[in-house]
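Here is how the chains run, residue by residue.
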Amino acid sequence: MNSTDSTYILDLSPEDYQKATVEVAFLLDAFACTIDNIMGGNTAPVGRIAGRDTASKLPISLDDPTLQDVIAVLSKQMHAGFSFALDDDGLLFKSCIIREMCTLRNIETGGALCRLFHSYFDGIVNGLLCRPVKSTIVSVGDECLLQTQVQ
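Quick summary incoming for the structure in this document. (Residues numbered from 1 in each chain as written. Predicted model: local features only at pLDDT ≥ 70, side-chain atom pairs only at ≥ 80, totals over all residues. Heavy atoms only, no water.)

### Some thoughts on the overall build of the chain
Looking only at helices and strands, one finds five helices and six strands in the chain. Helices and strands in the chain line up, N terminus first, as β-β-α-α-α-β-β-α-α-β-β. A principal-axis box enclosing the C-alpha atoms of the chain has dimensions of 50 × 35 × 30 Å. The buried share of the chain, taken over its 151 residues, is 35%. Taking all contacts inside the chain whose residues are at least 6 apart in sequence as the whole, residues at least 24 apart take part in 53%. The average position of the 11 basic charges and that of the 19 acidic charges among the side chains of the chain differ by 7 Å. (Helix = DSSP H or I, 4+ residues; strand = E, 2+ residues; numbered from the N terminus. Buried < 20%, exposed > 50% of the residue type's maximum accessible area, 1.4 Å probe, protein only. Contact = heavy atoms within 4.5 Å. Lys, Arg positive; Asp, Glu negative; His and termini not counted. Charge placed at Lys NZ, Arg CZ, Asp CG, Glu CD.)

As structure tokens, this is what we get:
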């Protein structure tokens with residue numbers, strides 16, 4: 001670490017980033033499995049509560065939004081790790097950092113970590129839309145498709 005006028009600059013190598021990615025994947029896996037075990041597989045309430053809390057802290061203000069409005073804003077907000085959009089079939093995740101973490105840890109895509117993330121995402125959408133939201137994973141793979149219902 002170098003210090004310059006009380007500002008710290010980290011000199012990180014690609015290897016440092018790779019090690020950090022492996023560590024984050026390990027921690028996410030452990031976190032999701034622990035919550036899944038404690039909740040007996042019913043992690044949706046935990047994810048939704050966390051998502052609504054996150055939504056209240058986002059620098060986003062929407063007047064009378066639709067689901068399409070919320071998804072468009074979140075897509076821009078989360079572009080560093082995700083690429084998703086609504087289409088005629090549902091909510092399509094083209095790229096997803098969670099999917100990458102699953103691949104890295106040899107975790108089944110669509111399993112506990114994915115379910116927890118999508119419940120969390122539903123909670124964020126719920127918080128911004130001010131209406132309950134529930135997504136169901138339809139298909140997983142190189143792209144993942146969800147059916148998202150607003151109540």
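Next, the rest of the story.
### So, the packing of helix α3 (residues 67–77) against helix α5 (residues 112–129)
In a packed pair of helices, the relevant descriptors are the angle between the two axes and the axis-to-axis distance. Between α3 and α5, the least distance of the axes is 10 Å, while the angle of their chain directions is 120 degrees. Of the possible angle classes, the one that applies to α3 and α5 is oblique. Read as a crossing pair, α3 and α5 show a hand that is right-handed. Here α3 contributes Leu67, Val70, Ile71 and Leu74 to the contact with α5, which in turn contributes Phe121, Ile124, Val125, Leu128 and Leu129. Grouping the amino acids of the contact of α3 with α5 by side-chain chemistry returns nine nonpolar, no polar and no charged. (Axes fitted to C-alpha atoms, helices over the stretch in contact; angles between N-to-C directions. Parallel < 35°, antiparallel > 145°, perpendicular 65-115°, else oblique. Left-handed = near helix turned anticlockwise from the far one by under 90°. Nonpolar A, V, L, I, M, F, W, Y, C, P; charged D, E, K, R; others polar.)

### A word on the sheet that holds strand β4 (residues 90–96)
Note on sheets: strands pair through backbone hydrogen bonds, and any given pair is parallel or antiparallel. Strand order in this open sheet of four strands is β3-β4-β6-β5, and the pairing throughout is antiparallel. At either end of the open sheet lies a strand with only one pairing partner, and these are β3 (82–87) and β5 (133–139). Averaged over all neighbouring strand pairs, the angle between strand axes comes to 30 degrees, with direction disregarded. Sheet topology places β5 next to strand β6 (residues 144–150); six bridges connect them, and they run antiparallel. Bridged to Ser135 within β6 is Thr148. Across the sheet, helix α4 (residues 97–105) touches β3, β4 and β6, and the angle it forms with β4 is around 55 degrees. (Pairing = 2+ DSSP bridges.)

### Let's talk about a nonpolar patch on the surface
A surface patch of nonpolar side chains, about 330 Å² in accessible area, is lined by Leu10, Leu12 and Tyr17. Looking at where Tyr17 falls in the secondary structure, it is placed in helix α1 (residues 14–39). (Patch = residues over 30% accessible without salt bridge, like charges linked within 9 Å, V, L, I, M, F, W, Y side chains within 5 Å. Areas by Shrake-Rupley, 256 points an atom, 1.4 Å probe, with all protein chains shown as cover. Salt bridge = Lys/Arg side-chain N within 4 Å of Asp/Glu carboxyl O.)

### Notes on unusual backbone geometry
One non-glycine residue with positive phi stands out, namely Asn106, at about 55 degrees. Along the chain, Asn106 turns up in the loop between α4 and α5. For Asn106, a relative accessible area of 72% translates into the label exposed. If you check the backbone angles, Cys130 has positive phi at about 60 degrees while not being a glycine. With respect to the helices and strands, Cys130 occurs in the loop between α5 and β5.

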